[in-house]
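# Working through the structure, step by step
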Amino acid sequence: MAARTSRRCCSSSAGGWESCKGADAPLRGEGRPAAPHAYKDLLIFLALAGILAPILRRLKVSPILGFLIAGAAFGPQGLGRAAAIFPPLRWVSFGATGELEPLAELGVVFLLFVVGLELSWNRIWALRRLVFGLGAAQVIVCALAVGAAAAWAGAPSAGAAVIGAAAALSSTALVVPALAERKRLASAAGRAALAVLIAQDLAVAPILVSLGLLANLHRGFSWAGALGPLAIGAAALLAIVAAGRLLARPLFHSAALAKSGEIFAAASLLIVAGSAAAAAAGGLSMALGGLVAGLLLAETEFRREVEVVIEPFRGLLIALFFVSTGAQLDIDRLVAGPLPILAGLAAVVVIKAGATFGLGRLFGLSRSTAAETALPLATAGEFALVVLAQARMSGLIAPALADQALVAAGLGLFLTPELTALGARPGRRPSAASPPEAIPSDSGPAEGRVIVVGYGRVGQLVGDMLARHRIDYTAIDADPRLVARQRKVGVRIYFGDAARPAFLEACGAAGARAVVVTMDAPAKVDEAARAIRALRPDVTLIARARDARHAEALYRLGVTDAVPEAIEASLQLAENTLIDLGVPMGLVIASIHEKRDEFRERFSRSARRDAPVRALKPGPGAARDESR
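Residues numbered from 1 in each chain as written. Predicted model: local features only at pLDDT ≥ 70, side-chain atom pairs only at ≥ 80, totals over all residues. Heavy atoms only, no water.

Attention now goes to the overall build of the protein. Counting its regular elements, the protein contains 27 helices and six strands. Within the protein, the fraction of its 628 residues that count as buried is 47%. Roughly 29,900 Å² of accessible area belongs to the protein as shown, and the carbon and sulfur atoms make up 65% of that amount. (Helix = DSSP H or I, 4+ residues; strand = E, 2+ residues; numbered from the N terminus. Buried < 20%, exposed > 50% of the residue type's maximum accessible area, 1.4 Å probe, protein only. Areas by Shrake-Rupley, 256 points an atom, 1.4 Å probe, with all protein chains shown as cover.)

Take the side chain of Lys352 next. Mapped onto the elements of the fold, Lys352 is located in helix 17 (residues 338–362). Although Lys352 is buried, it makes no salt bridge; Glu382 carries the closest opposite charge, 10 Å away. Within the structure, the side chain of Lys352 is placed 2.9 Å from the backbone oxygen of Ala167, a separation counted as a polar contact. For Lys352, the contacting residues outside a window of four places in its chain are Gln138, Cys142, Ala167, Ala168, Leu169, Ser170, Leu377, Ala378, Thr379 and Ala380. (Lys, Arg positive; Asp, Glu negative; His and termini not counted. Salt bridge = Lys/Arg side-chain N within 4 Å of Asp/Glu carboxyl O. Polar contact = N/O pair within 3.5 Å; in protein donor to acceptor, adjacent residues only side chain to side chain. Contact = heavy atoms within 4.5 Å.)

The geometry of an aromatic ring pair is captured by the separation of the ring centres together with the interplanar angle, meaning the angle of the planes. Evaluation of the coordinates by the stated rule reveals six aromatic pairs. With a centroid separation of 5.2 Å and 45° between ring planes, the pair formed by Phe252 and Phe264 is classed as tilted. Residue Phe252 is found in helix 12 (residues 223–257), and its partner Phe264 is found in helix 13 (residues 261–281); the two are separated by 12 residues along the sequence. Just as Phe252 is buried, Phe264 falls in that class too. (Phe/Tyr/Trp six-rings, centres within 6.5 Å; stacked < 30°, edge-to-face > 60°.)

This part covers the sheet that holds strand 3 (residues 493–495). Within the open sheet, the six strands sit side by side as 3-2-1-4-5-6. Their pairing is parallel. Two strands in the sheet have a free side with no partner beyond their single neighbour: strand 3 and strand 6 (561–564). Going from strand to strand, the sheet's axes swing by 15° on average, the running direction of each strand aside. As paired elements, strand 2 (residues 473–477) and strand 3 share three bridges and run parallel to each other. (Pairing = 2+ DSSP bridges. Axes fitted to C-alpha atoms, helices over the stretch in contact; angles between N-to-C directions.)

Moving on, we get to a nonpolar patch on the surface. A cluster of nonpolar side chains, contributed by Ile51, Ile55, Leu59 and Val61, occupies part of the molecular surface with about 360 Å² of accessible area. Relative to the assigned elements, Ile55 resides in helix 3 (residues 40–59). In this structure Ile55 comes out as partly exposed when scored by relative accessible area, which is 37%. (Patch = residues over 30% accessible without salt bridge, like charges linked within 9 Å, V, L, I, M, F, W, Y side chains within 5 Å.)

The next point concerns the pattern of salt bridges. Between side chains of opposite charge, pairing is possible as soon as their charged atoms come close. One pass over the full model with this rule turns up 12 salt bridges. The salt bridge partner of Arg546 is Asp520, with a shortest N-O separation of 3.2 Å. One end of the pair, Arg546, is in the loop between strand 5 (540–545) and helix 25 (548–557); the other, Asp520, is in the loop between strand 4 (514–517) and helix 24 (522–535), with 26 residues separating them in the sequence. One network of salt bridges, in which partners are shared, links Asp520, Arg544, Arg546 and Glu565.

Once that is clear, we can look at helix 24. In this model, helix 24 (14 residues) spans 20 Å end to end at C-alpha, consistent with the 20 Å of a helix rising 1.5 Å per residue. At its buried positions, helix 24 is contacted by helix 23 (501–506), strand 4, strand 5 and helix 25. (Expected span 1.5 Å × (residues − 1).)

By the element assignment, Gly66 lies in helix 4 (residues 63–74). Taking the C-alpha atoms as reference, Gly66 lies 9.8 Å from Phe414; in sequence the two are 348 residues apart. When sequence neighbours within four positions are dropped, the list of residues in contact with Gly66 reads Leu52 and Leu56.

To continue, consider the packing of helix 13 against helix 14 (residues 286–297). Here helix 13 crosses helix 14 at 135°, and the two axes come no closer than 7 Å. Classified by the angle their axes make, helix 13 and helix 14 are oblique. For the pair helix 13 and helix 14, the sense of crossing is right-handed. Mapping the contact onto sequence places Ile271, Ser275, Ala276, Ala279 and Ala280 in helix 13 and Met286, Gly289, Ala293 and Leu297 in helix 14. Here the contact of helix 13 with helix 14 is built from residues that sort into seven nonpolar, two polar and no charged. (Parallel < 35°, antiparallel > 145°, perpendicular 65-115°, else oblique. Left-handed = near helix turned anticlockwise from the far one by under 90°. Nonpolar A, V, L, I, M, F, W, Y, C, P; charged D, E, K, R; others polar.)

Turning our attention to the pairing of strand 2. By the criterion of burial, strand 2 is predominantly enclosed, with five of the five residues buried. Burial along strand 2 is two-sided: the residues Tyr473, Ala475 and Asp477 and Thr474 and Ile476 are all buried. In this sheet, strand 2 lies alongside strand 1 (residues 450–453) in parallel orientation, the contact comprising four bridges. By the bridge assignment for strand 2, Val452 is matched with Ala475. Between the parallel pair strand 1 and strand 2, the chain is carried across by helix 21 (residues 457–468), and the sense of this crossover is right-handed. Taking the sense of rotation as the criterion, the β-α-β connection linking strand 2, helix 22 (residues 480–488) and strand 3 turns out right-handed. (Right-handed = clockwise from strand over helix to strand, strands pointing away.)

Burial along strand 4 is two-sided: Ala514 and Val516 facing one way and Val515 and Val517 facing the other are all buried. Pairing between strand 1 and strand 4: four bridges, direction parallel. Bridged to Val452 within strand 4 is Val516. Remark: the strand 4/helix 24/strand 5 crossover connection has right-handed handedness.

When pLDDT is averaged along the protein, the result is 77, and 82% of the positions lie at 70 or above. Taken element by element, the protein is modelled with least confidence in helix 1 (residues 2–11), mean pLDDT 42, and with most confidence in strand 1, mean pLDDT 93. A low-confidence stretch, residues 611–628 (pLDDT under 50), is modelled with 39 contacts involving residues beyond four sequence positions or located in other chains. (pLDDT = per-residue confidence, 0-100.)

So, about unusual backbone geometry. For Arg470, which is not a glycine, the phi torsion comes out positive at approximately 55°. Checked against the element boundaries, Arg470 lands in the loop between helix 21 and strand 2.

This part takes up helix 3. An α-helix turns once every 3.6 residues. As a result, residues three or four positions apart point the same way. Between the first and last C-alpha of helix 3 there are 28 Å, a value that for 20 residues agrees with the 28 Å anticipated at 1.5 Å per step. The axis of helix 3 is deflected most strongly, by about 30°, at Leu52, and proline Pro54 appears within four residues downstream. For helix 3, the complete set of buried residues consists of Lys40, Asp41, Ile44, Phe45, Leu48, Ala49, Leu52 and Leu56. Residues of helix 3 that are buried sit in contact with helix 4 and helix 15 (303–328). One or two residues past the end of helix 3 sits Lys60, with phi positive at roughly 60°. (Bend = angle between axes of the 7 residues up to and from the residue.)

Let's shift gears to the environment of Ile198. Locating Ile198 in the fold gives a position in helix 11 (residues 188–218). Each C-alpha atom of the pair Ile198 and Val115 lies 9.0 Å from the other, and the pair is 83 residues apart in sequence.

Summarising the element assignment, Thr356 is placed in helix 17. Not counting the four nearest positions on each side in its chain, Thr356 is found in contact with Gln138, Cys142, Thr373, Ala374 and Leu377.

Glancing now at the environment of Glu527. Tracing the backbone through its elements, the reader meets Glu527 in helix 24. Judged by its relative accessible area of 35%, Glu527 falls in the partly exposed class.

This is the structure we're talking about:
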């Protein structure tokens, strides 16, 4: 019937035979072949990502800066211009990057989603004084000061406000790794800089909402035009929050029960893309939807697993965003008129560094600490590019002014690592007369000093004893039901697979003092021990062993202590028997400890004698629940 209808339409059409052939093609499964140039930009980006990223990692260069340079070099202002002289270059240069823009926008969504995941309440609460004091003051003062300077230089009021808001946001993606590389993140200046960056990340959402309101005012004020979009946007945000509260945890719980990484990845992508689409449907920025989704998941037990699962997508899409941004930078403006751009960049650096230094002193930081805090935060960051691009698209800022500001912000990113290094120099020699600084020592991610892998009966007993001795710990388990139950009673526990170094690192293993592996399945214990040792060769690692043979295998894997169940049960039986027979308790305990040390020495000696680790075949109980 469909075929007959299609033929009738063709016979009556004015297009004749050509029209008929085009209409009938989908019915025969025939389609127009895709032109090779349709995917040219995407192929160039994938080639850059595959070739450039390993080189940057080997050279220890920030991927953000590398992809910005690559975008500019392969963009319309780079090889694209040379293609006019040598046409074959058009096959290795970006066009107008229109094909990449939707994917680049998703990169911004993922960037803000991860920011939301990292903005956990524990981290904010640990730094609440600096976040809502120094950080909030820094954002407001810098935005007002830079905006006033832009207005004094001749920018329209709306454009000056946008430039001020954009310049107030520093680069979390560059500053935090730069401080960590120099081992300054745990210093007073590092914690103060982290607090300011958290405040700036929190300010992204109000700035994005304000851009929408300013755009409406820019088009002409009316109460209906102002309140209508605001009400729709607020309703969209409430819908995202309500759906996240009600549906996110059951969705991830169901995906976890399926024990399929693909299903869990699909659920993660659904949350990110769904929130972004809902925000866009309400007239808000898609990036704002991603930020809200991250905030909703930040306090759930699936937070760390989501981080690990979306990492490949996030990294690729964020790289795409920076390549696309680099390709759109108008380098001609820098060549034709470098003075306004460089003057603007210098003004931003001076204003932000001076304001942050003064506010730091006002909040009790020493001179050296205030300087070390101010210099890394003196330039605009990646979110400045987002704010400027969105403001240009909505007509809040003139294209020429937006291009100048984008080039200045892009150049500022290249200064950030150098300013961080410059700020760290006085920070290594704090003044002896410096006043004490009221900065909490535990201001990083609020993870435990001990990680308990497997939180069944054994793991819960270990956790209980750690809590009695007031030792902070984080638990990990692969059973979503158990994780949900323990979350309800206040245990800091995450769902995930401890055999993956990336997941362990997300749970704070890089800073842990000890890791205790309590799972019952020997194969799972071995996998976790290998992953932990690969990530932290120096950490204290205690593992539960099935028997003496398994304990020897664990010592070969590099565990600090292996505790075999059968031997421990035997020692406990012997201890109770001797005490009941009237042997003095002190002698019994001493002999039990002596016997335990003999076993440990024998296992260690056997492990040292044996060469490579032999694959351990799972025992009869290996298929049981790994957390029991």
